[in-house]
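Observations on the model geometry
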Amino acid sequence: MIDFCSQQFTCPLESPFSTSSGKLTEKTFLMLQVSHKDKDGYGEFSVSPSLKAGTLEENRQSIADFCANLTHCDLTPDKVTETILSLTRLMPAPAASGLSSALLDLACKINDLSIPEIIGLELKDDLKSCLTLGRDETNFSDADLEKNFSYIKIKIENKSEEKSRLSQVANNHALPLWLDAEGENFTVEEFLDIIRDVPSDKLYLIEDVIPPLKPQKLWIENKPRNLLTFCDKGIFSLEDITNAQEHFDGVVIKPLRFGGILPSLMAIELARSYGLKIALGCYTESDLSLSSWMYLASLCDFVDMDGSYRLKNQPFSSILHTETGIKVPKQLALGNRYIENRISN
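About the thresholds
- Every chain's residues receive numbers from 1 upward, in the order its sequence appears when written.
- Reporting of local features is limited, given that this is a predicted model, to residues whose pLDDT is at least 70; pairs of side-chain atoms are given and counted only at 80 or more, and all residues count toward the totals for whole chains, interfaces and linings.
- Excluded from the side-chain calculation are hydrogens and water; included are all heavy atoms of the structure.
- Under the scheme applied here, a residue whose accessible area is under 20% of the maximum for its type counts as buried, over 50% as exposed, and between as partly exposed, the area being computed with a 1.4 Å probe on protein chains only.
- Helix numbering and strand numbering both begin at the N terminus, where a helix is a DSSP run of H or I of at least 4 residues and a strand a DSSP run of E of at least 2.
- Throughout, the arc means that of the directions going from the helix axis to the C-beta atoms.
- We call two residues in contact whenever any of their non-hydrogen atoms come within 4.5 Å of each other.
- Pairs were defined over the aromatic rings of Phe, Tyr and Trp, the Trp ring being its six-membered one, requiring ring centres within 6.5 Å. Orientation was assigned from the angle between planes: stacked under 30 degrees, edge-to-face over 60, tilted for the rest.
- Here, over-ring charges are defined by two tests on the NZ atom of lysine or the CZ atom of arginine: distance to the ring centre within 6 Å, and angle to the ring normal within 35 degrees.
- Axes, fitted as lines to C-alpha atoms, cover a helix only where it is in contact. Angles between the N-to-C directions of the axes lie from 0 to 180 degrees.
- Under this scheme an angle from 65 to 115 degrees is roughly perpendicular, one under 35 degrees roughly parallel, and one over 145 degrees roughly antiparallel; angles in between are oblique.
- Throughout this description, the term nonpolar core refers to a set of buried Ala, Val, Leu, Ile, Met, Phe, Trp, Tyr and Cys residues connected via side-chain atoms within 4.5 Å.
- When DSSP finds two or more bridges between two strands, those strands count as paired.
- Handedness rule for crossovers: strands pointing away from the viewer, path from the first strand over the helix to the second running clockwise, crossover right-handed.

1. Here we look at helix α6 (residues 188-195)
- Buried within α6 we find V188, F191, L192, I194 and I195. Along α6, the residues classed as buried sweep out an arc of 155° about the axis, all on the same side.
- On its buried face, α6 is in contact with α5 (162-172), β6 (177-180), β7 (203-207) and α7 (217-222).

2. Structural notes on the environment of K37
- Assignment of secondary structure puts K37 in the loop between β2 (22-36) and β3 (39-45).
- For the pair K37 and I110, spaced 73 residues apart in sequence, the C-alpha to C-alpha distance is 8.0 Å.

3. Details of the packing of aromatic side chains
- Tallied over the entire structure, the rule returns eight aromatic pairs.
- An angle of 25° between the planes, with centres 5.2 Å apart, marks the rings of F9 and F29 as stacked. Residue F9 is found in strand β1 (residues 3-19), and its partner F29 is found in strand β2; the two are separated by 20 residues along the sequence.
- Measuring from centroid to centroid gives 5.7 Å for Y151 and Y204, while their planes differ by 35°, and the two rings are tilted. Residue Y151 is found in the loop between β4 (131-133) and β5 (152-155), and its partner Y204 is found in strand β7; the two are separated by 53 residues along the sequence.
- What makes Y204 partly exposed here is its relative accessible area of 33%.
- Here the aromatic cluster, defined as three or more aromatic residues joined through ring pairs, consists of Y151, W178, Y204, F230 and F302.
- Here K254 stacks its cationic end above the ring of Y283, 4.5 Å away from the centre of that ring.
- Here R257 stacks its cationic end above the ring of F236, 4.5 Å away from the centre of that ring.

4. Quick look at the packing of helix α2 (residues 77-86) against helix α10 (residues 261-273)
- The contact between α2 and α10 brings their axes to 8 Å, and the two run at 80°. In terms of their interaxial angle, α2 and α10 are classed as roughly perpendicular. Contact with α2, carried on its side by T81, I84 and L85, involves L262, P263 and M266 of α10 and no other residues of that element.

5. Focus: α2
- Every buried residue belonging to α2 is among V80, T81, I84 and S86, and all of these are buried.
- Where α2 is buried, its residues touch α3 (93-111), α4 (115-119) and α10.

6. Side note on the nonpolar core
- Counting residues in hydrophobic clusters, the biggest one holds 67 residues, and the most contacted among them are I63, L99, L103, I119 and I253.
- Among the elements that line this core, the one with the most residues is α3, at nine residues.
- If we ignore the near neighbours within four places in the chain, the residues touching L103 are I2, V34, L75, V80, T83, I84 and L87.
- Membership of the second largest hydrophobic core comes to 23 residues, among which are I156, L177, I194 and L227.

7. Quick word on the pairing of strand β8 (residues 228-231)
- Here β8 shows no split at all, with L228 and F230 on one side and T229 and C231 on the other all buried.
- As paired elements, β7 and β8 share three bridges and run parallel to each other. Within the sheet, the bridge partner assigned to L205 lies in β8 and is L228.
- Direction of pairing for β8 relative to strand β9 (residues 250-253): parallel, over a ladder of two bridges. Counted as the bridge partner of C231 is V251 from β9.
- For the crossover that starts at β8, traverses helix α8 (residues 238-244) and ends in the parallel β9, the hand is right-handed.

8. A closer look at the pairing of β6
- Every second residue of β6 is oriented toward a common face, with L177 and L179 on one face and W178 and D180 on the other, all of them buried.
- In the sheet, β5 pairs with β6 via four bridges, with the strands oriented parallel. If you follow K155 over to β6, its bridge partner there is D180.
- As paired strands, β6 and β7 are joined by four bridges and run parallel to one another. Within the sheet, the bridge partner assigned to W178 lies in β7 and is L205.

Next comes the structure, spelled out in structure tokens:
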């Protein structure tokens, strides 16, 4: 038997962040606590309209129903991984993602193991993420931040000022650029014009310059030779990865879409079998999710895991972006020491 409770919380952002969905000033999450044999495990998730996976309450109810009907609970490492892999068949992906993190945390405590010992993945010592600039930003707020990250990620759309803004960012920073495009908002010709004045050695990776899974010959023939083209918005399932293999250099795997760390591991293995490069991505998430997902980065080529960087007043904090790499706790995983006794029904 597993006891379950949850608490909704909202974190403001350090500064407003403009995305394709509008200006983000705060993010609401559902924090989960699962308990067994006097041990507690924690996870969290959020929902996004692009996921089309229901509301926070609908996802919470699916978790509550699962826990209420779970009459036997075997949290040995082998069995808990089987349980986690079954969740995506029983509930929406965000709920499965949050619950899988909580069950993994609980299994770590009950078995006195760390995440690497259960899932068999170690964190890279020199792992660094990209850092995303909002649609109205051209500089980091702190110039010293640049040394803690590997790329500058820029969200762009079909606006006349994008060409000038992109050139400003390229001139202001030494890091290579990772472009997040809205391919449905402009033609290939328009996008080629936007990037034309940026030195080719500053452009490295781009997401969704063309509509998901609908490649255009013009782009393939005219894109800068060293620029890798990734599919992000079209990747929600293993089938999507299979469909993308012929037209893209790589895919973006976001654990919230796939139902957490272990289903994402399967997606990464499939993408690798096709020879695709892999970017590990996220939405605006808290450290409670990211600190377990970060272990997947050892299997990926690129990392876009700055989703908690702008959040203020997290009820837990376990990720540090440093000059020598990302720091994540291994023992008593997911930063749960920061939130003991802070969750209620």
